[in-house]
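Commentary on secondary and tertiary structure
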Amino acid sequence: MNITRILLYLIPCTFFTSTILAQNCQSPAGLWTSNSGAKLDIRDINPDTGQFTGSFKSPDTLFKDGPHMGTGYVGNVKEPSLPGAEQPASTVSFTVKWPDQSISSWNGYCELKDGTPSITSLWLWVRPEVNKYIEHFNTGYTIFTPYPKNDEKQPGPSSWKQG
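As the structure is a computational prediction, the values presented were derived from the model and not from experiment.

Before going further, it helps to spend a moment on the sheet that holds strand 3 (residues 51-57). The sheet built from eight strands closes into a barrel, its strands ordered 1-2-3-4-5-6-7-8 with antiparallel pairing. Within the sheet, the average angular offset between the axes of one strand and its neighbour, ignoring direction, is 30°.

Okay, structure coming up:
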């Protein structure tokens, strides 16, 4: 078998595999969505450091612009290190700087819930210009799950609806 035949066989298999495998807590690269319609796209995870790049798109009911680029980290623990500990969750952190110079960050963990990978996160949105000092901080929580697949490749930021 010559090298051309091997490459012609391997290239489609590699592409097909990358589009049908769902992201999971040990390998969260891909598109995640929240029940509010927000989208988190995790890309380019460095296997040595866990650092990744990605983007975030707020629900269209909240903000119509975006997606906005960000960076984050994933921390994976393979086995529990404490006697009697439950299976550890992967930690996830992601930060976005918005056009108005405000900053949002999500910090949480990824674990299987009823067989579905879920990222449960607390978020903090810090705004530079407000009427009252207490309005600088807004906080809440979001749960992300893998974007539903329709036997198609997951849409990336370029295909997200622009307002």
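Don't stop here, the text continues.
Turning to the confidence of the model for the protein, a few remarks are in order. The predicted coordinates should not be examined in detail at positions where pLDDT is low. Per-residue pLDDT for the protein averages 77, and the proportion of residues at 70 or more is 71%. Contacts from residues 1-21, a stretch scored under 50 in pLDDT, to residues over four places away or in other chains number seven contacts.

Put simply, side chains in a regular strand alternate between the two faces of the sheet. The alternating pattern of strand 5 (residues 90-97) places S90, V92, F94 and V96 on a buried face and T91, S93, T95 and K97 on a face that is not buried. For strand 4 (residues 68-75) and strand 5, the ladder comprises six bridges, and the chain directions are antiparallel. Among the inter-strand pairings, T71 is bridged to a residue of strand 5, identified as T95. Alignment of strand 5 against strand 6 (residues 103-113), held across eight bridges, turns out to be antiparallel. Within strand 6, the residue paired with K97 across the bridge is I103. Hairpin connection of strand 5 to strand 6: five residues between the antiparallel strands, including Q101 at a positive phi of 75°.

Definitions and limits used
Residues numbered from 1 in each chain as written. Predicted model: local features only at pLDDT ≥ 70, side-chain atom pairs only at ≥ 80, totals over all residues. Heavy atoms only, no water. Pairing = 2+ DSSP bridges. Helix = DSSP H or I, 4+ residues; strand = E, 2+ residues; numbered from the N terminus. Axes fitted to C-alpha atoms, helices over the stretch in contact; angles between N-to-C directions. pLDDT = per-residue confidence, 0-100. Contact = heavy atoms within 4.5 Å. Buried < 20%, exposed > 50% of the residue type's maximum accessible area, 1.4 Å probe, protein only.

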